[in-house]
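Geometric and topological summary
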Amino acid sequence: MSAQPSPPVHTVDIATRPATLAAVPADGRPGATVHARGLSRRYGDGDAVVHALRDVSVDIEEARLTAVMGPSGSGKSTLMHILAGLDRPTSGRVTLAGTEVTALDDNALTKLRREHIGFVFQFFNLLPMLTAEENILLPLSIAGVKPDRAWYEQLVDVVGLRDRLRHRPSEMSGGQQQRVAVARALVSRPSVVFADEPTGNLDSSTVAEILGLLRTSVDTYGQTTVMVTHDPQAAAIADRILFLADGEIVRDVERASARDIVSVIEQLSR
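Heads up: these notes are all about the structure in this document. Quantities reported herein were computed from a predicted structural model and do not represent experimental measurements. (Residues numbered from 1 in each chain as written. Predicted model: local features only at pLDDT ≥ 70, side-chain atom pairs only at ≥ 80, totals over all residues. Heavy atoms only, no water.)

1. Description of the pairing of strand S3 (residues 50-61)
- Pairing geometry for strand S2 (residues 32-43) and S3, over eight bridges, is antiparallel. Its bridge partner lying in S3, valine 34 is registered against isoleucine 60.
- Between S2 and S3, which follow one another and run antiparallel, lie six residues, and glycine 44 among them has a positive phi close to 85 degrees. (Pairing = 2+ DSSP bridges. Helix = DSSP H or I, 4+ residues; strand = E, 2+ residues; numbered from the N terminus.)

Given below as structure tokens:
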């Protein structure tokens, strides 16, 4: 049987479409959890200046998974760090869950991240002296918040860690450690989860299970998620893919197959 052709990729090429269509509404799109307007980030001065982001405006919509892709140095990690309040823009503003992140001092930023943001990192970032259960509950312990036991028990079952709760990271595989990290990110029911290359340190046999967990968190629990990735297979689970180059969003793609994502990457590299 001959292979069926892939459906056309629906893209928005910000570099070529009319300016009236390129503009993002100043007050944000309805249903967006994160709004960013006019973000620029510069490092250094004079001839040594590096423009990591150049006037980026974007909305991250609620209950959707948005992937961010681009070559090394494109600004994708810088964008995620600014959206999550881990870095400050040189100019521009970010609003998350109704709070202007860029106007907060360090203490208020810490509080906002604790209450509204979950993180999944490439290298897991688990505390080695804590058990899986203690690592999962760590954000709540730090905040002095009593866990919702029903939600915690459901989460443990969803990530498949019931028989590993007493194990420390050194006693678990990479895939199990990343499942702990996913559960830790979700346990506080954050407004948004930021996942930075969540499959980048995993073997191919465990990549699918982690991507499945991230997709389930969106589809079943309505978890807004932003995932930075270089992997077309990972980006293919997203509802939307943003492509960055030279500090700008150059392509905005709705759901697409890995093959179509590779095609977009090849087009942008020409």
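2. As for the nonpolar core
- Ranked by internal contacts, the top residues of the largest apolar core, which has 46 residues, are Leu65, Ile136, Val180, Met227, Ile241, Phe243 and Ile261.
- Beyond its immediate stretch of four places on either side in the chain, phenylalanine 243 contacts Met69, Glu248, Ile249, Val250, Arg251, Val253, Ile261, Val264, Ile265 and Leu268.
- Listed in part, the 28 residues of the second largest apolar core include Leu53, Val101, Leu112 and Leu244. (Core = buried A, V, L, I, M, F, W, Y, C linked by side-chain atoms within 4.5 Å. Buried < 20%, exposed > 50% of the residue type's maximum accessible area, 1.4 Å probe, protein only. Contact = heavy atoms within 4.5 Å.)

3. Quick word on the sheet that holds strand S5 (residues 91-96)
- The strand order S3-S2-S5-S6 describes an open sheet built from four strands, whose pairing is antiparallel. The sheet terminates laterally at S3 and strand S6 (99-100), the two strands that pair on one side only.
- In this sheet, S5 lies alongside S2 in antiparallel orientation, the contact comprising five bridges. What sits directly across from valine 34, in S5, is leucine 96.
- Sitting on the sheet, helix H2 (residues 76-83) touches S2, S3 and S5, and the angle it makes with S2 is about 125 degrees. (Axes fitted to C-alpha atoms, helices over the stretch in contact; angles between N-to-C directions.)

4. Thoughts on the pattern of salt bridges
- Enumeration over the complete set of coordinates arrives at 18 salt bridges.
- The shortest N-O distance in the salt bridge between arginine 166 and glutamate 133 comes to 2.6 Å. Of this pair, arginine 166 sits in the loop between helix H5 (149-159) and helix H6 (174-186) while glutamate 133 sits in helix H4 (residues 132-143), placing them 33 residues apart in sequence.
- By relative accessible area, which is 62% here, arginine 166 ends up exposed.
- Note that aspartate 148 is salt-bridged to arginine 189, the shortest N-O span being 3.9 Å. With aspartate 148 in the loop between H4 and H5 and arginine 189 in the loop between H6 and strand S8 (192-196), this pair connects stretches of sequence that are 41 residues apart. (Salt bridge = Lys/Arg side-chain N within 4 Å of Asp/Glu carboxyl O.)

5. Topic: the packing of H6 against helix H7 (residues 204-221)
- Viewed as axis vectors pointing N to C, H6 and H7 meet at an angle of 10 degrees, and their least axial separation amounts to 10 Å. Our classification of the angle between H6 and H7 gives roughly parallel. As H6 packs across H7, the resulting crossing turns out to be right-handed. The residues of H7 that touch H6, namely those facing Gly175, Gln178, Arg179, Val182 and Leu186, are Thr206, Glu209, Ile210, Leu213, Leu214 and Ser217.
- Grouping the amino acids of the contact of H6 with H7 by side-chain chemistry returns five nonpolar, four polar and two charged. (Parallel < 35°, antiparallel > 145°, perpendicular 65-115°, else oblique. Left-handed = near helix turned anticlockwise from the far one by under 90°. Nonpolar A, V, L, I, M, F, W, Y, C, P; charged D, E, K, R; others polar.)

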